[in-house]
Amino acid sequence: MTDGITIESRDGIFDAYIARPKASPAPAVVVLQELFGVNADIRKTCDELAEQGFIAVAPDLFWRQEPGVDLDVTSEPDWQHGIRLYQAYDRDAGARDVKDTADVVAKLPGCTGKVAVLGYCLGALMTFLTAVRYGVDAAVAYHGGDTEKYLGEGNRLDAPLLMHLAEEDEFISKSAQAEIKTALASKPNATVYSYPGQRHAFARHNGTHYNAAAAALANGRTAEFLHQQLR
């Protein structure tokens with residue numbers, strides 16, 4: 001059920017992890033990494049989405065800088081490595097990569113042509129940028145850092161958007177969260193959920209601040225949203 005595929009984009013060729021559901025045809029979800037690359041957590045997320053009936057594809061967002069990044073969230077050197085990649089990452093080029101990935105995935109054998117984008121942290125920001133700049137069938141963003149810097153583009157959001165924010169997120173200030181909520185409040189296609197007492201990456205496997213109850217709530221909302229938007 002799992003494998004790898006190659007994405008031929010407008011800017012180059014890069015790899016992606018893929019997990020396939022048992023039944024087809026199926027809609028697809030493009031899963032976007034944090035600063036740790038397509039690591040065990042992202043692959044597990046893809047596998048779980050496949051179990052829910054989706055084709056799940058995680059592209060290598062860092063392919064221009066360092067192809068094949070797979071970092072350990074419990075390693076301080078890996079954290080520092082990921083932060084360096086994150087700081088040097090070209091977000092505009094990255095949004096093109098995500099759109100190109102979605103276009104390739106939509107044409108995969110066994111895909112219905114419906115494609116959502118779902119991301120965490122850096123990947124959540126890229127989900128937002130891809131949705132507002134290029135359009136997708138649905139978008140899910142888990143604690144997207146720096147999203148508030150791009151809210152001026154939010155008027156172009158046509159895709160259904162589900163956003164999860166941790167109220168005590170150490171990387172997304174309360175003022176930034178307020179800006180995001182205010183900017184999206186007037187968008188009937190956008191839903192923002194806040195999770196009291198939760199910190200960054202509360203829904204990530206193996207996260208320091210992982211909270212099983214909050215993760216189950218967020219992931220349940222995500223599953224319902226994806227099934228509703230992609231069926």
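Values in this document were obtained by computation on a predicted structure and should not be read as measured data.

Rules used throughout
- Residues numbered from 1 in each chain as written.
- Predicted model: local features only at pLDDT ≥ 70, side-chain atom pairs only at ≥ 80, totals over all residues.
- Heavy atoms only, no water.
- Salt bridge = Lys/Arg side-chain N within 4 Å of Asp/Glu carboxyl O.
- Helix = DSSP H or I, 4+ residues; strand = E, 2+ residues; numbered from the N terminus.
- Buried < 20%, exposed > 50% of the residue type's maximum accessible area, 1.4 Å probe, protein only.
- Core = buried A, V, L, I, M, F, W, Y, C linked by side-chain atoms within 4.5 Å.
- Contact = heavy atoms within 4.5 Å.
- Phe/Tyr/Trp six-rings, centres within 6.5 Å; stacked < 30°, edge-to-face > 60°.
- Expected span 1.5 Å × (residues − 1).
- Polar contact = N/O pair within 3.5 Å; in protein donor to acceptor, adjacent residues only side chain to side chain.
- Right-handed = clockwise from strand over helix to strand, strands pointing away.

Caption draft 1: Up close: the pattern of salt bridges. Following the criterion strictly, the structure yields 14 salt bridges and no others. For Asp 103, the salt bridge is made with Lys 99, and the minimal N-O distance between the two is 3.2 Å. Highlighted residues: Asp 103 and Lys 99, both in helix 3 (residues 91–106), separated by four residues, approximately one helical turn. Asp 103 sits in the partly exposed class, given a relative accessible area of 33%. Here the salt bridges share partners, and the residues they tie into one network are Asp 11, Arg 64, Arg 96 and Asp 97.

Caption draft 2: Representation of the nonpolar core. Of all hydrophobic cores here, the largest spans 53 residues; its most connected members are Ile 55, Met 126, Phe 128, Leu 157, Leu 161, Met 163 and Leu 184. Among the elements that make up this core, the one with the highest residue count is helix 4 (residues 122–133) (eight residues). With residues near it in sequence (within four places) discarded, Phe 128 still touches Thr 147, Tyr 150, Leu 151, Gly 154, Leu 161, Met 163 and Leu 184. Tyr 17, Tyr 120, Ala 166 and Phe 225 belong to the second largest nonpolar core, which has 29 residues in total.

Caption draft 3: Representation of the packing of aromatic side chains in the model. Enumeration over the complete set of coordinates arrives at five aromatic pairs. Between the aromatic rings of Phe 36 and Trp 79, the centroid separation amounts to 4.9 Å while the plane-to-plane angle is 85°, which identifies the pairing as edge-to-face. Here Trp 79 lies in helix 2 (residues 76–88) and Phe 36 lies in the loop between strand 3 (26–32) and helix 1 (40–51), a separation of 43 residues in the sequence. Overall, Phe 36 belongs to the buried group, its relative accessible area being 2%. Note on Trp 79: relative accessible area 23%, which makes it partly exposed.

Caption draft 4: Quick peek at unusual backbone geometry. A cis amide bond links Ser 24 to the next residue, Pro 25, at an omega of 5°. With a phi close to 40°, His 143 is a non-glycine residue in the positive phi region. On the secondary structure map, His 143 appears in the loop between strand 6 (138–142) and strand 7 (161–166). Looking at His 143, the relative accessible area reads 0%, which means it is buried. Of note, the phi angle at Asp 146 is positive, near 75°, even though the residue is not glycine. Counting through the fold element by element, Asp 146 comes out in the loop between strand 6 and strand 7.

Caption draft 5: Main features of the side chain of Lys 99. The exposure class of Lys 99 is buried, given its relative accessible area of 18%. Filtering out sequence-adjacent residues up to four positions away, Lys 99 remains in contact with Arg 10, Thr 130, Tyr 134 and Gly 135.

Caption draft 6: View of helix 1. For helix 1, built from twelve residues, the straight-helix expectation of 16 Å at 1.5 Å per residue is met to within 8% by its first-to-last C-alpha distance of 16 Å. Taken together, the buried positions of helix 1 are Asp 41, Ile 42, Thr 45, Cys 46, Leu 49 and Ala 50. Packed against the buried residues of helix 1 are strand 2 (13–19), strand 3, strand 4 (55–59), strand 5 (111–120) and helix 6 (212–230). One or two positions beyond helix 1, positive phi appears at Gly 53, with a value near 105°.

Caption draft 7: Seen up close, the environment of Tyr 17. Topologically, Tyr 17 is positioned in strand 2. Expressed as a C-alpha distance, the spacing of Tyr 17 and Val 57, which sit 40 residues apart in the sequence, is 5.5 Å. Engagement of the side chain of Tyr 17 in a polar contact is seen with the side chain of Asp 47, the distance being 2.8 Å.

Caption draft 8: Inspection of the side chain of Glu 34 at higher detail. Along the chain, Glu 34 turns up in the loop between strand 3 and helix 1. Only 2.7 Å separates the side chain of Glu 34 from the side chain of Arg 204, close enough to count as a polar contact. Sequence-distant contacts of Glu 34, defined by excluding residues within four places in its chain, comprise Asp 41, Ile 42, Phe 62, Tyr 120, Cys 121, Leu 122, His 143, Ala 201 and Arg 204.

Caption draft 9: Just the pairing of strand 4, in detail. Among the five residues that make up strand 4, five are buried, leaving the element largely enclosed by the rest of the structure. Once the chain exits strand 3 it traverses helix 1 before rejoining the sheet at strand 4, and the crossover so formed is right-handed.

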